[in-house]
Amino acid sequence: MKKRNIVVANWKMNPETLEEAKKVFNGARLAAKGLKNTDVVVCPPFSFIFPLSKVIYPKNMFLGAQNASTEIKGAFTGEISVEMIKNLSAKFVIVGHSERRAMGESNEIVRKKLQITFNTGLTPILCIGEKERDKEGTHLAFIKNQIKECLADLHKKYLVGIIIAYEPIWAIGKSYKEAMSPTDIHVIVLYIRKVLAEICGRDIANSAKILYGGSVESQNALEILEIGNVEGFLVGHASLKPEEFKEILQTADVKK
Ligand code: PEP
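The present account deals with the structure reproduced in this document. Values in this document were obtained by computation on a predicted structure and should not be read as measured data.

**Comments concerning the site of the ligand**
So, step 1. Within the structure, the ligand sits among 14 residues, and Lys12, His97, Gly173, Ser215 and His237 are positioned closest to it.
So, step 2. Within the backbone of Gly173, one N or O atom sits 2.6 Å away from an oxygen atom of the ligand.
So, step 3. In isolation the ligand exposes 290 Å². Once the protein is present, 99% of that is buried.
So, step 4. Judged by its atoms lying within 2 Å of the grid points, the ligand is housed in the largest cavity.

Below, the structure is given as C-alpha cells:
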C-alpha cells in the first residue's frame, strides 16, 4: 500500500502573538481540509499548543511539539514532558532538530527522547543531517552514525513506520535556490534506507517515512517529491506564510 505523504510545519520560535498563531494555523487548517493523501502536522511553540488544540481542524491534521524533555517529571526547571504534550492533545514530537543539537543535544539525548516519546504513545519525527559536505563523503559516515546512535537499543516494534526528517544543516533557513538538489536528496534517501536495513532489517527500512527539510518552498516542493523520492517535508520558514504553505501542501497531495 502506498504511504501517505506527511508535511510537518516547524514554526520554531514564531509568531510572537496568539492572534498571529491563530491566523497561521487557520491557513494550514483550510489547506489541510482539501487534501486526500497527505497528513499535516503543525508544531507551534509550546505556549500555543493548548489554545490551538481548541480549534476544530480536519482529521488529517495534527498538532506536534518541537521538543520534549528526556525526563518523565520532577525537578527539571523549564522542561516540558511528553506526558504534558500528550495531555495537550498533540500527537507528534520533533526530536533532535539541528537547532536543538546546536544547543548541546547529543545522539544519546535524542535516543532518550525517542524512547520516552514512543513509551508515551506519541510519534517522534527524528531529525538528522550533516553540517557540511565534502568530496570524501564524510557526511555519509556522519549520517550513518547519527542513525545508529539515535536508534540504538530501541525496540524494533517502535521503529516500524518511523518518520525521519533528513535536514542538511547547510540548507536550512535559506531560499529554495539554496536547498539541496533533488538528485542529491534521492541519493541520501536511498542511503538512509540502506543504513536502516543494516540496523533494523529491510521491512523496517521500507516502512520508514523519509522527509526532506531545508528551504522547502512552493518553487522546489514538486521536484523534491518527484526526483528526491521523499514522502513529505519538514517546512520551517515557509510554514509561517499561509499562501506559501498551502501551495506546498497541495503539491505534496498531488504527487502520488
Ligand atoms: C527547519 O529548521 O526544520 C527547516 C526546515 O527550516 P527551513 O524550511 O526554514 O529551512
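**Here's the deal with the packing of aromatic side chains**
So, step 1. Evaluated as defined, the whole model comprises four aromatic pairs.
So, step 2. Between the aromatic rings of Phe118 and Tyr158, the centroid separation amounts to 5.0 Å while the plane-to-plane angle is 15 degrees, which identifies the pairing as stacked. Pair noted here: Phe118 is in helix H5 (residues 107-120) and Tyr158 is in helix H7 (residues 156-159), with a separation of 40 residues, a long-range link.
So, step 3. A relative accessible area of 12% means that Phe118 is categorised as buried.
So, step 4. The class of Tyr158 is partly exposed, set by a relative accessible area of 22%.
So, step 5. For the ring pair Tyr166 and Tyr212, a centre distance of 6.5 Å and an interplane angle of 50 degrees mean the geometry is tilted.

**Let's talk about the pairing of strand S5 (residues 123-128)**
So, step 1. In terms of residue burial, S5 counts as a mostly covered element, since five of its six residues are buried.
So, step 2. Where strand S4 (residues 92-95) and S5 come together, four bridges link them in parallel fashion. Paired with Val95 across the bridge in S5 is Leu126.

**Examining the sheet that holds strand S1 (residues 5-10)**
So, step 1. As summarised here, the arrangement of the eight strands in space is S1-S2-S3-S4-S5-S6-S7-S8, forming a closed barrel in which the pairing is parallel. Recorded for the sheet is a direction-independent mean angle of 25 degrees between the axes of neighbouring strands.
So, step 2. Where S1 and strand S2 (residues 38-43) come together, six bridges link them in parallel fashion. Across the sheet, Asn5 pairs through a bridge with Thr38, a residue of S2.
So, step 3. Across the sheet, helix H1 (residues 18-33) touches S2 and strand S3 (61-65), and the angle it forms with S3 is around 140 degrees.

**Remarks on the layout of surface pockets**
So, step 1. As a volume, the largest pocket reaches approximately 330 Å³.
So, step 2. Lining the largest pocket are 13 residues, and of these Lys12, Met13, Gln66, Asn67 and Arg100 sit closest to its centre.
So, step 3. Taken together, the residues that form the lining of the largest pocket break down as six nonpolar, four polar and three charged.

**Considering empty space enclosed by the protein**
In this approach a probe as big as a water molecule rolls over the atoms, and the regions it shows empty are the leftover space.
So, step 1. Summed over the entire model, instances satisfying the criterion amount to two cavities of 30 Å³ or more.
So, step 2. Taken as a whole, the largest cavity spans an internal volume of roughly 110 Å³.
So, step 3. In terms of lining, the largest cavity is formed by 14 residues, of which the most central are Ile172, Gly214, Ser215, Val235 and Gly236.
So, step 4. When grouped by side-chain class, the residues that make up the lining of the largest cavity number four nonpolar, eight polar and two charged.
So, step 5. The calculated volume of the second largest cavity comes to roughly 40 Å³.
So, step 6. Forming the walls of the second largest cavity are Gly96, Ser98, Arg101, Cys127, Ile128, Gly129, Gln146, Glu167 and Ile169.
So, step 7. Looking at the lining of the second largest cavity, the elements with two or more residues in it are helix H4 (98-101) and S5.
So, step 8. Among the residues forming the lining of the second largest cavity, the class breakdown is three nonpolar, four polar and two charged.

About the cut-offs
Residues numbered from 1 in each chain as written. Predicted model: local features only at pLDDT ≥ 70, side-chain atom pairs only at ≥ 80, totals over all residues. Heavy atoms only, no water. Near = heavy atom within 4 Å. Polar contact = N/O pair within 3.5 Å; in protein donor to acceptor, adjacent residues only side chain to side chain. Areas by Shrake-Rupley, 256 points an atom, 1.4 Å probe, with all protein chains shown as cover. 1 Å grid on protein atoms, 1.4 Å probe; cavity = no way out; pocket = protein on both sides within 12 Å on 5 of 7 lines; lining within 4 Å. Sits in = over half its atoms within 2 Å of the grid points. Phe/Tyr/Trp six-rings, centres within 6.5 Å; stacked < 30°, edge-to-face > 60°. Helix = DSSP H or I, 4+ residues; strand = E, 2+ residues; numbered from the N terminus. Buried < 20%, exposed > 50% of the residue type's maximum accessible area, 1.4 Å probe, protein only. Pairing = 2+ DSSP bridges. Axes fitted to C-alpha atoms, helices over the stretch in contact; angles between N-to-C directions. Contact = heavy atoms within 4.5 Å. Points joined across faces, edges and corners; volume = space filled by probe spheres on them. Nonpolar A, V, L, I, M, F, W, Y, C, P; charged D, E, K, R; others polar.

Scope: geometric values only; no functional claims are made or implied.
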